[in-house]
Amino acid sequence: MKTYRREFKKDFLWGSATSAYQVEGAAFSYGKAASQQDILSENSLFCTTETASDHYHHMEEDVKLMKELGLKTYRFSMSWPRIFPAGRGEPNPEGVKFYHQLIDALCEAGIVPIVTMYHYDLPWKLVEEYGGWLNRKIVDDFANYAAFLVKEYGDKVKHWITINEQNIIYRMWTRKNYIPEELQKDEKLRYQMNHHYTMAHAAACRAVRAIRPDVMLSGVPAVEPAYPRTSSPADCAAAAAANMMRNYFFIDPYMKGSYPVQAMNYLEDQGLMFRMEPGDEALMKEGCCDFLAVNYYHSVCAKACEEDAVRADTALNLYGIKGSATSFETAPGLYTLCKNPLLETTDWDWPIDAEGFSYALTDLYERYGKPMMIAENGLGARDILTEDGRVHDDYRIAYLRKHIDALHDAVDKGVDLFAYCVWSFMDLMSTSNGYEKRYGLVYVNREDKDLKDLARIKKDSYYWYQHVIATNGRDL
Ligand code: BGP
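This text gives an overview of the structure that appears in the document. Worth saying up front: this structure is predicted, and the values here are computed from it rather than measured.

We now examine unusual backbone geometry. Backbone torsion omega between Trp-423 and Ser-424 reads 15°, so that peptide bond is classified as cis. Of note, Asp-349 is a non-glycine position whose phi angle comes to about 70°, a positive value. Tracing the sequence through the fold places Asp-349 in the loop between β10 (335-338) and α14 (354-368). What makes Asp-349 buried here is its relative accessible area of 19%. In the Ramachandran plot, Leu-454 falls in the positive-phi region, its phi being about 55° despite a non-glycine side chain. Mapped onto the fold, Leu-454 is located in the loop between β13 (442-444) and β14 (456-458).

One open sheet holds the 4 strands; their spatial order is β6-β8-β10-β9, and the pairing between them is mixed. Two strands lie at the open edges of the sheet, namely β6 (226-228) and β9 (330-331), each paired on one side alone. Bridge count between β6 and strand β8 (residues 300-303): 3 bridges; the pairing is parallel. What sits directly across from Tyr-227, in β8, is Cys-301.

Let's shift gears to the packing of α14 against helix α15 (residues 394-413). Between α14 and α15, whose axes approach to 8 Å, the crossing angle comes to 30°. The orientation of α14 relative to α15 falls into the category roughly parallel. The handedness of the crossing between α14 and α15 comes out as right-handed. Judged by residue contacts, Ala-354, Phe-357, Ser-358, Leu-361 and Thr-362 of α14 engage Lys-402, His-403, Ala-406, Leu-407, Asp-409, Ala-410 and Lys-413 from α15. Partitioned by chemical class, the residues of the contact of α14 with α15 number 6 nonpolar, 3 polar and 3 charged.

Among the 15 residues in the neighbourhood of the ligand, the closest are listed as Gln-22, Glu-165, Thr-431, Lys-437 and Tyr-439. At a separation of 2.6 Å, an oxygen atom of the ligand approaches a polar side-chain atom of Gln-22. Grouping the constituent residues of the shell around the ligand by class yields 5 nonpolar, 7 polar and 3 charged.

Take Ser-41: it is sitting in helix α2 (residues 36-41). Here Thr-49 takes part through its backbone nitrogen, which lies 3.2 Å from a polar atom of the side chain of Ser-41. In contact with Ser-41, other than residues within four places in its own chain, are Cys-47, Thr-48, Thr-49 and Met-429.

Right, let's get into the pattern of salt bridges. Following the criterion strictly, the structure yields 35 salt bridges and no others. Overlapping salt bridges bring together Asp-383, Asp-393, Arg-396, Asp-427, Arg-438, Glu-447, Lys-452 and Lys-459 as one network.

With that settled, the discussion passes to the nonpolar core. Counting 160 residues, the largest nonpolar core has Trp-133, Tyr-420 and Tyr-465 as the members making the most contacts within it. At 12 residues, helix α11 (residues 233-255) tops the list of elements feeding residues into this core. When residues no more than four places from it in sequence are discounted, the contact partners of Tyr-420 are Phe-12, Leu-13, Trp-14, Gly-15, Phe-357, Ile-374, Asn-377, Leu-400, Ile-404, Leu-407 and Tyr-465.

Residues Glu-268, Asp-269, Glu-306, Glu-307 and Asp-308 make up a contiguous surface patch of negative charge. Mapping Asp-308 onto the fold places it in the loop between β8 and β9. Of the residues examined, Asp-308 reaches a relative accessible area of 67% and is grouped as exposed.

A few words on the sheet that holds strand β7 (residues 292-295). Spatially, the 8 strands line up as an open sheet ordered β5-β4-β3-β2-β1-β12-β11-β7, and their pairing is parallel. Lying at the two open borders of the sheet, with one neighbouring strand each, are β5 (216-220) and β7. Strand-to-strand twist across the sheet, computed as the mean angle between neighbouring axes with direction ignored, equals 25°. Two elements, strand β1 (residues 13-17) and strand β2 (residues 73-77), share 3 bridges in a ladder whose sense is parallel. In the strand pairing of β2, Ala-17 is matched with Arg-75. In the packing of α15 onto the sheet, the strands contacted are β1, β11 (372-376) and β12 (417-423), and the crossing angle to β12 comes to about 165°.

What counts as what
Residues numbered from 1 in each chain as written. Predicted model: local features only at pLDDT ≥ 70, side-chain atom pairs only at ≥ 80, totals over all residues. Heavy atoms only, no water. Helix = DSSP H or I, 4+ residues; strand = E, 2+ residues; numbered from the N terminus. Buried < 20%, exposed > 50% of the residue type's maximum accessible area, 1.4 Å probe, protein only. Pairing = 2+ DSSP bridges. Axes fitted to C-alpha atoms, helices over the stretch in contact; angles between N-to-C directions. Parallel < 35°, antiparallel > 145°, perpendicular 65-115°, else oblique. Left-handed = near helix turned anticlockwise from the far one by under 90°. Contact = heavy atoms within 4.5 Å. Nonpolar A, V, L, I, M, F, W, Y, C, P; charged D, E, K, R; others polar. Near = heavy atom within 4 Å. Polar contact = N/O pair within 3.5 Å; in protein donor to acceptor, adjacent residues only side chain to side chain. Salt bridge = Lys/Arg side-chain N within 4 Å of Asp/Glu carboxyl O. Core = buried A, V, L, I, M, F, W, Y, C linked by side-chain atoms within 4.5 Å. Patch = residues over 30% accessible without salt bridge, like charges linked within 9 Å, V, L, I, M, F, W, Y side chains within 5 Å. Areas by Shrake-Rupley, 256 points an atom, 1.4 Å probe, with all protein chains shown as cover. Lys, Arg positive; Asp, Glu negative; His and termini not counted. Charge placed at Lys NZ, Arg CZ, Asp CG, Glu CD.

What follows is the structure, encoded as structure tokens:
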């Protein structure tokens, strides 16, 4: 490990994270109505959201484990259809109460709650009523939901994240939203939907600030810094374009209240330009965030591509067989992503690149200059539960050690960082790969098709992270 001149802040918030539909279970009970993720998961190759990690029934036990771990913060999401089963109107008292109980248990344990308002689980009723995020009506419904949350919980929760990974929602739009088959090739609609998310974020910020100007607001992109495949000017331009279209296009609205001009000209030239309503530009300025939360898993590699290249998405590696992600994302005339020959990958073909973490954070801090937090960073892997009930996930410790060292490098360079959350606190339902791909510091004893006893078992990484927290990140 390098030695650094600057340390993590004394009150640095060492944390961990989850999301509602991936951990709670109780997907159709206690007053909660279906979300689009509950409906999409019915056709999942892996598991449904019905039980997930059953956090709804294990909440007190889970918070006790968080307290024992020494967590300073816990980032979780609230389920919109658990609060508003119909998307708006009468709130569900059991849902409202559940999140009060969770927040009270966290505060009792000295753990700062950081709440994500939306993590892919749109009320299914809004999809049925008007097509969900494909319809501009969603902007008012989301602002109403956000205002309710802050009115209800604003005395106890000071850090709010509006939307989880809007850039990944755009990129994997048919997995993060219910998109009718006949619309799934409509690239222009895809960007129009993304603009609805941008405006929903901005309208939520305006509504929340009218009620509680004291709370802190952010969005949370999954940042993936792009490197050029070679030092050729064409590949360097491709990497710059990939950073523009895949990162800044989604983060500038949160931090500058506007889209990058280059990106807008490209969409215009490609016939993909979305419709903006009168007043959108002014409203976007009200969506500027108080801090910047980012999720980081990996970097990407980009090379030049011809104007007449075919627009494409990166193929998903669904089964954790290395090298099975074959086709790569292509933006005609801008970039084609490719494998980085100098980086190892996970079984699901995600590059392992701790240096890219510091590279991304220093770049974003220079561009935006606001306090930052990491809402997600972790390693998805197959874990083995031994006969004597242990999980020796030294590979996860190695990943986290390198990434927390990179975080220290960013702090040493001057990034104003106030929190870091490991994804994930406990094993949960991977958005693309079920329970085969585990992220937790705590093992949850279930498989995709076998619920077993859902027991919680501390992995070796739990004990390792406990020490990291106790030494404020000095001893990795
Ligand atoms: C992010 C999401 C999380 C989590 C993580 C890992 O996109 O915010 O919900 O799922 O990625 O991705 P996956 O579960 O597909 O491995």
